[in-house]
Amino acid sequence: MTTHPLSGVAAVAGIGATEFSKFSGRSELQLACEAVLAALADAGVKPSDVDGLVTFTADTNSEIHIARNTGMGELTFFSRIGYGGGAACATVQQAAMAVATGAAGVVVCYRAFNERSGERYGLGQADRPMDTSADRAAYAWMTPFGLNTPAQWVAMFARRYMHEYGATTEDFGRVAVVDRAHAANNPAAYFHKRPITLADHQSSRWIAEPLRLLDCCQETDGGQALVVVSAERARDLPHPPAVIRGAAQGLGADQHMMTSYYRPTITGIPEMGLTGRQLYRQSGLTPAEIDAAILYDHFTPLVLPQLEELGFCGRGEAKDFIADGHLELGGSLPLNTHGGQLGEAYLHGMNGIAEGVRLVRGTSVNQPANVGHVLVTAGTGVPTSGLVLGADR
Amino acid sequence: MKGVADADHAGRSDYEERLQAFVGRELNARTPGPDPVNQPMIRHWTAAMGDANPVYTDTEAAHATGRPGVVAPASMIQAWTMRGYGASAVSASAPGRRGFDELLELLDAGGYTSVVATDSEFEFVRELVVGDHVAVCEVVESISAEKRTGLGTGRFVTTLKTYSDQDGETVATQRWRTLRFRPPEPEPEPEPEPEPARVPESRSLRPRPAVNRDNAFWFEGAREHRLLVQRCAACSVLRHPPGPCCPECGSLAWDTVEASGRAQVYSFVVNHHPRHPAFEFPHLIAVVALEEGTRLIAGLTGVAIEDVAIGMPLILDWLDADPDLSLPVFRPAATETN
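Residues numbered from 1 in each chain as written. Chains lettered and ligands numbered in written order. Predicted model: local features only at pLDDT ≥ 70, side-chain atom pairs only at ≥ 80, totals over all residues. Heavy atoms only, no water.

- Naming follows an unreviewed UniProt entry, where chain B appears as MaoC family dehydratase N-terminal domain-containing protein of Streptomyces luteolus.

- An unreviewed UniProt entry lists chain A under the name Lipid-transfer protein, with Streptomyces luteolus as the source organism.

Below, the structure written as structure tokens:
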């Protein structure tokens, strides 16, 4: 393939999750432990083999608690990534870099929360405590004015995108319909057997115009973990390796948290373009060689500019690309075959990486034929990350 | 717990199932009352109730009705097993959870945070006499599907309390029904009429800005109804949101210019949910592009939602939200008709 030092060196060898619910009834730490142990069992390695952990700065389950509860021994590498869901694929990048450099041999990436029964991100920042940090002060330009929630922040981008490219809320709705169609076949999905129509989308209530209820992802209790080892070691483990062909982060110029409204244009996602260019350079692939995509879908409107930034279609053309059926099973780029965060669960993007692994293994509930390479993205509107996972051939 | 890699992934946990699992379950184990049935408590009760029937206080009068002695009023049954405040407080913090606490926690998680007692049906098996010692246990009989009521959406939780004597014989039962409900959201506000910016009355305060050394000048300017834009003192480039360092030239020196107040709608959002109590809904909010070239988030006023359009010319106004917070708002600029 290529000679990039990170490409092909490491692989995801195990995936594991809890059930996805609205009320787990147990602690976030327990969810994390369950997911980690499930992923290790899937990989066929013991907790005592683990020497590295990576999670989100947003996660409440510190490495020390995971390590001592699951019976890991000594760790030589532990790292955390910021910026909410933008961290998802970067946890795997960190793990791959640790494996590539020898900092660790078996790295577990994890994320677990009671995001529905506990602290709900969807309620927004209005009533969060204030301090004088720069991160908090950034909210001074939003919350006193009443722009408080992720849906509202995304709606501002969506309105401008509609204005510049002639997209409609139906174009956003088609993303939800695809996600929910895929979730309908997935027994692990919260919306298993509950597909929606575009008419359902159009009649769902406004949350933050132009976003309707069915443009918004779920809020979920659950945990997801992934085990990263060297590609060589992965070949001796039970499942076919999901080889990490590319792994990259991106922080765009004049980047803000969810409100990068001050750039010359706000209809693109420059940090995703930056991530995508690195992924293609590392993997030596072109967009046409990507067989399926897991694109971060906390809100449908930002799936459209992702398709454009990642080179699957031209600027402003995503609405037509979607309407032409490319994202459906049997299309040129099946999207979110697990149902996405709208259909399966909102695990801050980590469940999407697990689906990328299943697609490479050939075990997705919506498995397209001949998947060689899957592109996975992390959160949009924030500094982000992405992965290209590939079959070991 | 299973890995999602397994084909037979564990089913999702279901709130309804968890709730219905409480049916038939003991919420409070059989607990004896603190005191046996006794004359002083009966006397206080009947005096408070104004019930002068002598069978409760006079042995001879009781004998005359064929009773073996003084009896307790039937409706006192709950009084014999009531715990004092201190006992309740201790139990709430004591280790070892009761089914009752678990059920409340689950109801709370479902949003059913409010409670009202709806009805109570008693059946009395025998009269209590002085010296009887009553205990009570409580079991869930049913939890209804979600119902819409005048108070809000909720579930009727019916329990059966069984009162028994020192020999374990049932002396009374009580079917106890409460409505556990979700307090309703405030009624949607009518569409705001185009009208001058005003301070909403009797609403919560708007969220406080996190003010620090880098942004305090802007909020101080706003209190004086001056919309300031930070300007690099070295290269004169304007920037918003402000920061300590110029991204163009790296200078840490800056001053401000006061914006003209002329602007355009760059994008906008109409907020419906969730409804923060400081705002009226639907709530119209925009990114506006100032004539000077910077953008900022601000409310729009004096315009109907359906009339807002990207590119619409705006003029600055001010909202004195509360004594400590003034914010710029924008209204449509008068169109020139020549």
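Having put the structure on the table, let's press on.
Re the overall build of chain B
And then number 1: Of the regular secondary structure elements, chain B holds 7 helices and 14 strands.
And then number 2: Carbon together with sulfur atoms contributes 52% to the accessible area of chain B, which is approximately 17,600 Å² in total. (Helix = DSSP H or I, 4+ residues; strand = E, 2+ residues; numbered from the N terminus. Areas by Shrake-Rupley, 256 points an atom, 1.4 Å probe, with all protein chains shown as cover.)

Quick word on the pairing of strand S12 (residues 295–300) of chain B
Residue and element names in this part refer to chain B.
And then number 1: With 6 of 6 residues buried, S12 lies mostly within the body of the structure.
And then number 2: Pairing of strand S11 (residues 283–290) with S12 involves 5 bridges; the strand directions are antiparallel. Residue pairing across strands places Val288 opposite Leu296, the latter belonging to S12.
And then number 3: Across 2 bridges, S12 lies against strand S14 (residues 325–332) in parallel orientation. Along S14, the bridge assignment pairs Leu300 with Phe330. (Buried < 20%, exposed > 50% of the residue type's maximum accessible area, 1.4 Å probe, protein only. Pairing = 2+ DSSP bridges.)

Here we look at the sheet that holds strand S3 (residues 77–81) of chain A
Residues and elements named next belong to chain A.
And then number 1: Strand order across the open sheet formed by 9 strands is S3-S2-S4-S7-S1-S8-S11-S10-S9, with mixed pairing between neighbours. Every interior strand has two partners, whereas the edge strands, S3 and strand S9 (292–294), have only one. Strand-to-strand twist of the sheet, defined as the mean angle between neighbouring strand axes without regard to direction, takes the value 25°.
And then number 2: Bridging between strand S2 (residues 52–56) and strand S4 (residues 107–114) involves 3 bridges; their strand directions are parallel. Across the sheet, residue Val54 finds its bridge partner in S4, namely Cys109.
And then number 3: Sitting on the sheet, helix H3 (residues 88–101) is in contact with strand S1 (10–17), S2, S3, S4, strand S7 (221–230), strand S8 (242–250), strand S10 (373–377) and strand S11 (384–390), with an inclination near 25° to S7.
And then number 4: Helix H9 (residues 270–283) contacts S8, S10 and S11 of the sheet and is inclined by roughly 145° relative to S8. (Axes fitted to C-alpha atoms, helices over the stretch in contact; angles between N-to-C directions. Contact = heavy atoms within 4.5 Å.)

Here we look at the interface of chain A and chain B
And then number 1: Counting residues at the interface gives 60 residues for chain A, matched by 50 residues for chain B.
And then number 2: Regarding the contact of chain A and chain B, the summed buried area is about 4,600 Å², with carbon and sulfur atoms giving 64% of it.
And then number 3: Among the residues chain A hides against chain B, the three largest losses belong to Phe23(A), Trp141(A) and Phe145(A). Together they make up 19% of the total.
And then number 4: Remark: the boundary between chain A and chain B carries 0 salt bridges.
And then number 5: Listing elements by their share of the side of chain A that touches chain B, those giving two or more residues are S1, helix H1 (28–43), helix H4 (134–138), helix H5 (150–165), strand S5 (206–209) and helix H13 (350–361) of chain A.
And then number 6: Sort the elements by how many residues they give to the side of chain A that touches chain B and H5(A) lands first, with 7 residues.
And then number 7: The residue makeup of the side of chain A that touches chain B, split by class, is 28 nonpolar, 17 polar and 15 charged.
And then number 8: Pairing geometry for S5(A) and strand S10 (residues 262–271) of chain B, over 2 bridges, is antiparallel. Bridge pairing links Ala208(A) to Asn271(B) in S10(B). (Buried area = accessible area lost by both parts, 1.4 Å probe. Salt bridge = Lys/Arg side-chain N within 4 Å of Asp/Glu carboxyl O. Nonpolar A, V, L, I, M, F, W, Y, C, P; charged D, E, K, R; others polar.)

Notes on the pattern of salt bridges
And then number 1: For the structure shown, the criterion picks out 31 salt bridges over all chains.
And then number 2: For the salt bridge of Arg174(A) with Asp171(A), the shortest nitrogen-to-oxygen distance reads 2.8 Å. Of this pair, Arg174(A) and Asp171(A) both sit in helix H6 (residues 169–184), 3 residues apart, which is roughly one turn of that helix.
And then number 3: Residue classification places Asp171(A) among the buried positions, given a relative accessible area of 8%.
And then number 4: In this structure, the salt-bridge partner of Arg208(B) is Asp322(B), at a minimum N-O distance of 2.5 Å. With Arg208(B) in the loop between strand S6 (170–181) and helix H7 (216–223) and Asp322(B) in strand S13 (residues 313–322), the pair connects residues that are 114 residues apart, well separated along the chain.
And then number 5: The partly exposed category is assigned to Arg208(B), whose relative accessible area is 29%.

Examining the UniProt feature "domain: Thiolase C-terminal" (unreviewed entry) in chain A
And then number 1: This chain's UniProt record puts "domain: Thiolase C-terminal" (unreviewed entry) on residues 263–382 of chain A.
And then number 2: Across residues 263–382 of chain A, the secondary structure splits into 36% helix and 7% strand, with the terminal C-alpha atoms separated by 14 Å. (UniProt positions renumbered as here; feature names shortened; annotations may be inferred.)

Considering unusual backbone geometry
Most of the time, phi is negative for any residue but glycine, and the peptide bond is trans.
And then number 1: Cis geometry is adopted by the peptide bond preceding Pro210(A), which originates at Glu209(A) and carries an omega value of 10°.
And then number 2: Among the structural elements, Pro210(A) can be located in the loop between S5 and strand S6 (211–212).
And then number 3: The omega torsion of the bond from His240(B) to Pro241(B) falls at -10°, within 30 degrees of zero and hence cis.
And then number 4: Looking at the element boundaries, Pro241(B) is found in the loop between strand S8 (238–239) and strand S9 (254–258).
And then number 5: Of note in the backbone geometry, Ser236(B) takes a positive phi value of approximately 70° without being a glycine.
And then number 6: Tracing the backbone shows Ser236(B) in the loop between strand S7 (228–232) and S8.

Some details on the sheet that holds S8(B)
Residue and element names in this part refer to chain B.
And then number 1: Overall, antiparallel pairing links the 3 strands, which are arranged S8-S7-S9 in an open sheet. The sheet terminates laterally at S8 and S9, the two strands that pair on one side only.
And then number 2: Across 2 bridges, S7 lies against S8 in antiparallel orientation. Its bridge partner being in S8, Gln230 is matched across the sheet by Arg239.

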